[in-house]
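# Descriptive analysis of the structure
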Amino acid sequence: MAVSVLTQLVQHADIHAKAAPVVTLRLPSTFALRWLLPRLTDINHALPGTEFRISTSADDTPDFTTPDVDAIVVRGTGQWPGMDAVPLFAERLTPMCTSEMAASLGSPADLAHVTLLHPGHGHEEWRCWLESVGARQIDASRGLVFDTLELTLSAAAEGHGVAIGDPRMATDRLQAGTLTTPFADVAQNGLSYFVVYPSQRAAQSKIRALADVLFRLAQED
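Read on for an overview of the structure. (Residues numbered from 1 in each chain as written. Predicted model: local features only at pLDDT ≥ 70, side-chain atom pairs only at ≥ 80, totals over all residues. Heavy atoms only, no water.)

Attention now moves to the overall build of the chain. Looking only at helices and strands, the chain features eight helices and eight strands. Relative to its length of 221 residues, the chain is extended, with a C-alpha radius of gyration of 22 Å against a globular reference of 17 Å. Along the first, second and third principal axes, the C-alpha set of the chain runs to 80 × 35 × 30 Å. A burial count over the chain gives 42% of its 221 residues as buried. Sequence-distant contacts in the chain: of pairs separated by 6 or more residues, those separated by 24 or more amount to 80%. Summed over its atoms, the accessible surface of the chain is roughly 11300 Å², and 54% of this surface lies on carbon and sulfur atoms. Measuring between centres, the 16 positive side-chain charges of the chain sit 4 Å from its 25 negative side-chain charges. (Helix = DSSP H or I, 4+ residues; strand = E, 2+ residues; numbered from the N terminus. Rg over C-alpha atoms; globule rule 2.2 N^0.38 Å. Buried < 20%, exposed > 50% of the residue type's maximum accessible area, 1.4 Å probe, protein only. Contact = heavy atoms within 4.5 Å. Areas by Shrake-Rupley, 256 points an atom, 1.4 Å probe, with all protein chains shown as cover. Lys, Arg positive; Asp, Glu negative; His and termini not counted. Charge placed at Lys NZ, Arg CZ, Asp CG, Glu CD.)

Per the stated rule, a full pass over the model turns up nine salt bridges. We note a salt bridge from arginine 34 to glutamate 150, for which the minimum N-O separation is 2.7 Å. Of this pair, arginine 34 sits in helix 2 (residues 29-36) while glutamate 150 sits in helix 6 (residues 149-157); the two residues are 116 residues apart in sequence, bridging distant segments of the chain. A relative accessible area of 22% places arginine 34 in the partly exposed class. Here glutamate 150 falls in the buried class, since its relative accessible area comes to 12%. Two residues, glutamate 220 and arginine 216, come together in a salt bridge whose shortest N-O distance is 3.2 Å. When its relative accessible area of 38% is taken as the criterion, arginine 216 is described as partly exposed. (Salt bridge = Lys/Arg side-chain N within 4 Å of Asp/Glu carboxyl O.)

Its location among the elements puts leucine 33 in helix 2. Along the chain, leucine 33 and methionine 169 lie 136 residues apart, while their C-alpha atoms are 8.4 Å from each other. Apart from residues no more than four positions distant in its own chain, leucine 33 is found in contact with Pro38 and Glu150.

Within the structure shown, the criterion is met by eight aromatic pairs. On the basis of an interplanar angle of 35° and a centroid distance of 5.5 Å, the ring pair of tryptophan 129 and phenylalanine 183 is categorised as tilted. Residue tryptophan 129 is found in helix 5 (residues 124-132), and its partner phenylalanine 183 is found in the loop between helix 7 (171-176) and strand 8 (187-198); the two are separated by 54 residues along the sequence. Across this residue pair, the class does not change: tryptophan 129 and phenylalanine 183 are buried. Joined through ring pairs, the aromatic side chains of Phe31, Trp35, Phe89 and Tyr193 make up one cluster. (Phe/Tyr/Trp six-rings, centres within 6.5 Å; stacked < 30°, edge-to-face > 60°.)

Read across the open sheet, the eight strands follow the order 2-1-3-8-4-7-5-6; overall the sheet is mixed. Of all strands in the sheet, those with a lone pairing partner are strand 2 (51-56) and strand 6 (144-145), marking the two edges. Of the pairings in the sheet, the one linking strand 4 (residues 83-96) to strand 7 (residues 162-165) comprises three bridges and is antiparallel in character. The residue bridging threonine 94 from the neighbouring strand is glycine 165, located in strand 7. (Pairing = 2+ DSSP bridges.)

Our focus in this paragraph is the pairing of strand 7. Across the two faces of strand 7 the burial is the same, with Val162 and Ile164 and Ala163 and Gly165 all buried. Relative to strand 7, strand 5 (residues 116-118) runs parallel, the two sharing two bridges. Residue pairing across strands places leucine 117 opposite alanine 163, the latter belonging to strand 7.

Let us look at the side chain of threonine 152. Assignment of secondary structure puts threonine 152 in helix 6. For threonine 152, a relative accessible area of 0% corresponds to the buried category. Dropping the residues within four chain positions of it, threonine 152 is found in contact with Leu117, His118, Pro119, Phe146 and Ala163.

In this section: helix 5. Three- or four-residue spacings in an α-helix give side chains the same orientation, since the helix completes a turn every 3.6 residues. Among the residues of helix 5, those classed as buried are Glu125, Trp126, Trp129 and Leu130. Buried residues in helix 5, looked at end-on, bunch into an arc of 120°, giving them a common side. Along its buried surface, helix 5 packs onto strand 3 (71-76), strand 4, strand 5, strand 7 and strand 8. (Arc of directions from axis to C-beta.)

Right, here's the structure in full:
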């Protein structure tokens, strides 16, 4: 009996030893849907022998209080104490809407006559873009507010107004023609997307490999 139990324990330990390492990335939902998932095959090929898992969150903070997250994609300035931050790309902002609505927008001033769609409660994205094109007379706080950029883009594609966001997150819609960019003006708000992890984890090969492949794919955009 004791030999049987010992044999089972050894077999269990052997299975554990052969199990693939797991690396878990938490990231914003729109980023996951519109940027990461189209590149998932490339990521898995670049991480042979590693099980890659993702979870989504609307929180733009590198919170590692839960033990099941190895790294987080965060939108911000890259300055987080005790964290290593690998830059992916700077956020760009431009309006997006249906081609029918775009036909009514001859200049940024015409945005005063349509509904502005916001991807968050702070209105910073519209304010940044309007200031960059000199359209300060338009109230950047009016319009409809959504929880995520994905919801904002969906509302714009259904003709409910004009969204503001990074065109990288709408590539499929722009290529399909369900959304278009009515203006050539693109603004930068000083924020970027980063892969962030605690500095003490920098020696873990699975995290370094994940950060490296995401950085490489971002540079190929």
